[in-house]
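# Coordinate inspection notes
In case you want the letters, here they are:
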Amino acid sequence: MSFLASSRGRLLRELSRRRASRPQRQGVHAAFVRRYSVHHFDAAEQAVEPLAPAPPVSLAKSLASLAEESAEAVQRQRKPLTRMERKRLAELRIKKRVKAQYLNGKFYDLMGKVVASAETLEDAYDIVRLNSNVDLASAKDDVCFVTLAEQLRSGEFDVRANTFSVVAKRRGGEGCLVLPRLNLKVVQEAIRVVLEVVYRPQFSKISHGCRSGRGYHSALRFISDEIGVPDWCFTVPLHKEVDSNVNSKLISLIQEKIEDTQLVAFMQNMFDAKVINLVFGGYPKGHGLPQEGVLAPILMNIYLDSFDHEVFRICLKHEGLGSEATNSSEDHGSNLRRWFRSQLKGRDENSEDQTDCQTKIKLYACRYMDEIFVAVSGSRDVAEDMKSEIVAYLRKSLYLEVDDMLRLMPVKRTLRGLQFCGVVVRVETKENAKLKVVHKLKDKIGLFASQKQEIWDAMNLRVGKKWLAYGLRRIKESEIKPLGLSTPLLDHIAKFRKEGMKTDHWFKTLLKVWMQDVNAKNELNEDVLLSKYIAEPALAQDLRDAFYNFQKQAKDYISSETAATEALLSNLKSEESISTCTDGGIIKIHAPLSYIQKCLHRYGIINLEGFPRHVSALVLQDDELIVSWFAGIVHRWIRWFSEVDNFNELQLMFVECVRKSCIRTLSAKYRMYEKLTEKRFELDDHGIPMVEDFEATIKPLESSYALASTDEALMYGISSSGLFVLTLTRVRVPSRQFNCFVMGCQSASPSMYALHVKEKQRFPGWRTGFSSSIHGSLDGRQIGLCTQHVKDLYLGHISLQSVDFGSLVR
């Protein structure tokens, strides 16, 4: 019995060993085989005791093992996490630690329990590396998170020792810029996540900057889709650097939600060291520039959140009871609200005109960081009162400086529009349905007549060119002398021919005399001259009369329809004045094309005449980097201006300026023809399309940018990073080796690059894809970059905030 049991046991052990060496099967069959082997293996071991059977495996345990196996299989088949997904997971881990410190409406000891934690600092360091587009599996910096956490808890962390000051080299610079080193950058990133967890849920719907689900595009969509057509609008230009009043106000706002003296003291130390570059209205925000800082967006939203709530109070005061929007197309309103407004104005409810559009008061506000757009529907007096209250609150309660030149702008009479977030907001006339039919027929007639005129001119020009080209061959001596005739025309022609004059010289002399007779200098060009004086006189008279009669009838019809349209417009205006508020316009968002063209010239992409040229600063760089620099311009423009109404006009700049300039830059580098360069480099694969392939090439880019821009809290400063020119320079000491200056990157830097600022501009600035507001102290600054991060800077995958400008002096 013992021999059989031992033999059976050895057989089952060998069978289980062979099955274990095979690839593990998935599903129910694998679990069954495993349970069968284990069960019989145990049975063989206990064969010497037949009276003690092995306990059966429960169904719940089997199902649990199957769930674990399926989860492992799904984990193996799942796609790797993207850069932003990893960043979101790191922030969620910090968020759990912050939520654990919430008690009775406040957060306690966030510095000691959350920020000064090795786990939080390591997560913040991973976020810094993800912002720098560095693989988390690559080599890391020599940062001891345990020691750093201990220094923060004990208060031994020196803020000033972990900063780097950049001083302007040229005279008349913008002074000194204080930037954080890597350790302070990690601490700032941890504090940023903590503050966003605390304050982000309480931000109002007015705020659109640096928030999940809200951003640059959501602000523009709110203005174009939800406001309608107000009566008055204005922007609030702020100008203020952080002083003692702003600093104390900000600290008091933070202490309303956070009870932590250690965190407040640390933030005060950063303000004293001037490493928090918080400036209201100093430069356009969102470009990822070094002077923006990591904490500036969340601190600005915290500081201006009280302004957002003040706007709601002003809305409630002037609109009456309730905060819901009133549809401007309705001719009736709430009786209670109407009575409330009448009491505010000191009038009787019965004496109020029910059709008066001015009684429908509505206030709209939209804020993107420190840019504020306000629109008012109502009378001018009401709009002035609202403006005065807004300006008074900003000056007295928030200690901010507002430009005295702030004026109300009538929306329906403003032609140039209003600048907000780098675009132009203007109102265009909404065409009436009756006018559309008239314009459609009139445009068809005009287009048909113009097409016939173009064909007529083209055929006449063709005849005239043939006469000019072959006239010399037809006038020869052999064709004139044998005639033996003496006519006034031949005698007149013979006067202009001297002895020994060749035929071509004689023909040119005759042409010169003929041009003087017809007064050719008064004509626009040679095409009109040839068609009007050469080809048309040779045509039949009835053919010419028929054509010009057709053109006259078409012109008379268009002029008569124009007069009828003007009469219809006057009738519609009178009807609108009698009826209640009729929406006669629509808000349009336009990109600043003229300013973009100036930027193209400033960066050397086009010349003074507007024709594309090669960029000399890029000729010495690699082919991939040159193409990436031009592709970065296209990608930024698509990312920023994909929803503007004049995108089709901007599309021509993509092709006519950027694409041709890229081709000419590569042609200048290799000294080859442009057609050969275009065939050699597949620019469409890099997102620089031609006209016919524009939509097919740009559509996947638009979808990816729309997906990435939905969470500006994760992409702030990266999705809208500004472009700048990096010129290749040589290192003075060739024997010295540098690592890449990008934080978290340990790759070697083969070359040094110099930053060149093309323009310095204060707020408000246009968002054109060019870094027009880089701090003056960074102009000409040399930085070491690996090839990958040069390409990332060009394409806008990282921003200048990821560069450690103090790496050179370590």
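Cut-offs applied
Residues numbered from 1 in each chain as written. Predicted model: local features only at pLDDT ≥ 70, side-chain atom pairs only at ≥ 80, totals over all residues. Heavy atoms only, no water. Helix = DSSP H or I, 4+ residues; strand = E, 2+ residues; numbered from the N terminus. Buried < 20%, exposed > 50% of the residue type's maximum accessible area, 1.4 Å probe, protein only. Contact = heavy atoms within 4.5 Å. Areas by Shrake-Rupley, 256 points an atom, 1.4 Å probe, with all protein chains shown as cover. Phe/Tyr/Trp six-rings, centres within 6.5 Å; stacked < 30°, edge-to-face > 60°. Lys NZ or Arg CZ within 6 Å of the ring centre and 35° of its normal. Pairing = 2+ DSSP bridges. Core = buried A, V, L, I, M, F, W, Y, C linked by side-chain atoms within 4.5 Å. Expected span 1.5 Å × (residues − 1). pLDDT = per-residue confidence, 0-100. Axes fitted to C-alpha atoms, helices over the stretch in contact; angles between N-to-C directions. Lys, Arg positive; Asp, Glu negative; His and termini not counted. Salt bridge = Lys/Arg side-chain N within 4 Å of Asp/Glu carboxyl O.

Counting its secondary structure elements, the protein chain contains 27 helices and 20 strands. The 810 residues of the protein chain split such that 46% are buried. Sequence separation of 24 or more characterises 76% of the internal contacts of the protein chain that already satisfy a separation of 6 or more. Entry remark: accessible area of the protein chain is about 43,400 Å², with carbon and sulfur atoms responsible for 54%.

Our focus in this paragraph is the packing of aromatic side chains. Tallying each qualifying case throughout the model produces 12 aromatic pairs. Centre to centre, the rings of Tyr 216 and Tyr 368 are 6.4 Å apart; their planes meet at 75°, and the pair counts as edge-to-face. Linking Tyr 216 in helix H9 (residues 216-226) with Tyr 368 in strand E9 (residues 362-368), this pair joins segments that are 152 residues apart in sequence. The exposure class of Tyr 216 is buried, given its relative accessible area of 3%. Summarising the aromatic geometry, the rings of Phe 448 and Phe 550 are spaced 5.8 Å apart at their centres and angled 85° between planes, so their arrangement reads as edge-to-face. Within this pair, whereas Phe 448 is found in helix H15 (residues 433-474), its partner Phe 550 is found in helix H20 (residues 541-578), the two being separated by 102 residues in sequence. The class of Phe 448 is partly exposed, set by a relative accessible area of 42%. Judged by its relative accessible area of 29%, Phe 550 is partly exposed. Three or more aromatic residues joined by ring pairs form one cluster here, namely Trp 456, Phe 547 and Tyr 548. Just above the ring of Tyr 364 sits the side chain of Lys 362; from NZ or CZ to the centre is 6.0 Å. When the ring centre of Tyr 670 is taken as reference, the NZ or CZ atom of Arg 680 above it lies at 4.5 Å.

With that out of the way, let us pick up the pairing of E9. In terms of residue burial, E9 counts as a mostly covered element, since seven of its seven residues are buried. Both faces of E9 are covered, namely the face carrying Lys 362, Tyr 364, Cys 366 and Tyr 368 and the face carrying Leu 363, Ala 365 and Arg 367. Summarising the sheet, E9 and strand E10 (residues 371-377) pair through seven bridges and their orientation is antiparallel. Its bridge partner lying in E10, Ala 365 is registered against Val 374.

Time to look at the nonpolar core. Core analysis: the largest hydrophobic core is formed by 182 residues, its most contacted members being Phe 266, Met 270, Leu 299, Trp 629, Trp 637, Phe 641 and Phe 805. Setting aside residues up to four positions removed in sequence, Met 270 forms contacts with Val 159, Leu 184, Gln 188, Ile 191, Val 275, Ile 276 and Leu 295.

It helps to recall that an α-helix has 3.6 residues per turn; residues three or four apart then point in one direction. For helix H14 (residues 380-396), spanning 17 residues, the distance from its first C-alpha to its last is 24 Å, which sits close to the expected 24 Å at 1.5 Å a residue. Here H14 has its buried residues at Val 382, Ala 383, Met 386, Lys 387, Glu 389, Ile 390, Val 391, Tyr 393 and Leu 394. In this structure, the buried residues of H14 make contact with strand E5 (232-236), strand E6 (238-241), helix H12 (296-319), E9, E10 and strand E11 (401-402).

Turning our attention to the confidence of the model for the protein chain. Taken as a whole, the protein chain shows an average pLDDT of 77; of its residues, 68% reach a score of 70 or greater. Note that residues 349-358 has pLDDT below 50 and, in this model, 15 contacts with residues that lie over four places away or in other chains.

Right, let's get into the sheet that holds strand E20 (residues 782-785). On the basis of which strands lie adjacent, the open sheet formed by three strands has the order E16-E19-E20 and antiparallel pairing. One side of each edge strand has no neighbouring strand; the edge strands of this open sheet are strand E16 (725-729) and E20. With strand direction ignored, the average angle separating the axes of adjacent strands in the sheet is 45°. In this sheet, E20 lies alongside strand E19 (residues 751-756) in antiparallel orientation, the contact comprising four bridges. In the sheet register, Ala 754 faces E20, and the bridge partner there is Gln 782.

Structurally, Lys 185 is set in helix H8 (residues 182-199). Of the side chains bearing the opposite charge, Glu 189 lies closest to the buried Lys 185, which forms no salt bridge; the N-O distance is 5.7 Å.

Turning next to the sheet that holds strand E7 (residues 258-259). An order of E1-E2-E7 is seen for the three strands of this open sheet, with the pairing classed as mixed. Two strands in the sheet have a free side with no partner beyond their single neighbour: strand E1 (102-103) and E7. Here two bridges tie E1 to strand E2 (residues 106-108), and the two strands are oriented antiparallel to one another. Within E2, the position partnered with Tyr 102 by the bridge is Phe 107.

Our focus in this paragraph is the pattern of salt bridges. With the rule as written, the count across this model stands at 26 salt bridges. Glu 384 is the salt-bridge partner of Arg 380, the closest N and O atoms lying 3.9 Å from each other. Separated by four residues within a single helix, Arg 380 and Glu 384 lie in helix H14, roughly one turn from each other. Residue Arg 380 is classed as partly exposed on the basis of its relative accessible area of 41%. Shared partners join several salt bridges into a network, and the residues in it are Glu 91, Glu 189, Arg 192, Glu 196 and Arg 200.

Positioned with a positive phi, Asn 133 is a non-glycine residue whose angle comes to about 60°. Given a relative accessible area of 29%, Asn 133 falls into the partly exposed group. Positive phi, normally seen in glycine, also occurs at Cys 210, with a value near 60°. By secondary structure assignment, the location of Cys 210 is in the loop between H8 and H9.

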